[in-house]
Amino acid sequence: MKIRRRRFKNAMHQQVYDQLREMRPDVEKYRGMGGGGNAYAVGYSMPDEPNHLFPPGSKAYVQWAAGVDNARADQKVRGTE
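One structure accompanies this document, and this report is about it. This structure is a prediction, so every number in the text was calculated from the model and none was measured.

Let us look at the overall build of the chain. When helices and strands are counted, the chain shows four helices and zero strands. Of the regular secondary structure in the chain, the N- to C-terminal order runs α-α-α-α. Computed over the C-alpha atoms, the radius of gyration of the chain is 12 Å, within 12% of the 12 Å expected from 2.2 N^0.38 for a compact globule of 81 residues. Along the longest, intermediate and shortest principal axes, the C-alpha atoms of the chain span 30 × 25 × 25 Å. In the chain, which comprises 81 residues, the share counted as buried stands at 42%. Of all intrachain contacts in the chain linking residues separated by at least 6 positions in sequence, the fraction that spans at least 24 positions is 57%. Treating the 14 positive side-chain charges of the chain as one cloud and the 9 negative ones as another, the clouds have centres 6 Å apart.

As C-alpha cells, then:
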C-alpha cells in the first residue's frame, strides 16, 4: 500500500498536516489536547473506518487525515497492512 501525501488548498491546513506527519505525536498524549488531538487520535486509532465526524475542509479533518496516514504508514512498516 502506497501512502500518499495529501494536498490541501488551504496553506495553513497543509502546514498542520505536514507537521503532524513529520512529528508523529504520541497518540495517547495528543488525544487529550483538544479537538485537534482527538481528531488525530480517532484517525490513528481507526484508520480503516470512514470519516463521519470531521467535515472535509475543516482543520479537524486535516488532523484526522494525518492520523489515518500515520497509522497506515506504521502498519506498512510493521507489515500488518
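For Lys29, the location among the structural elements is in helix α2 (residues 27-31). Overall, the relative accessible area of 68% leaves Lys29 in the exposed class. Through-space distance from the C-alpha of Lys29 to that of Ala41 is 9.3 Å; in sequence the pair is twelve residues apart.

Here we come to the environment of Gly67. Along the chain, Gly67 turns up in helix α4 (residues 59-78). The exposure class assigned to Gly67 is buried, which follows from its relative accessible area of 0%. Put simply, Gly67 and Tyr30 are 37 residues apart on the chain and 11 Å apart in space, counted from C-alpha to C-alpha. If we skip the residues at most four places from it in the chain, Gly67 touches Tyr40, Gly43 and Tyr44.

Conventions used here
- Residues numbered from 1 in each chain as written.
- Predicted model: local features only at pLDDT ≥ 70, side-chain atom pairs only at ≥ 80, totals over all residues.
- Heavy atoms only, no water.
- Helix = DSSP H or I, 4+ residues; strand = E, 2+ residues; numbered from the N terminus.
- Rg over C-alpha atoms; globule rule 2.2 N^0.38 Å.
- Buried < 20%, exposed > 50% of the residue type's maximum accessible area, 1.4 Å probe, protein only.
- Contact = heavy atoms within 4.5 Å.
- Lys, Arg positive; Asp, Glu negative; His and termini not counted.
- Charge placed at Lys NZ, Arg CZ, Asp CG, Glu CD.

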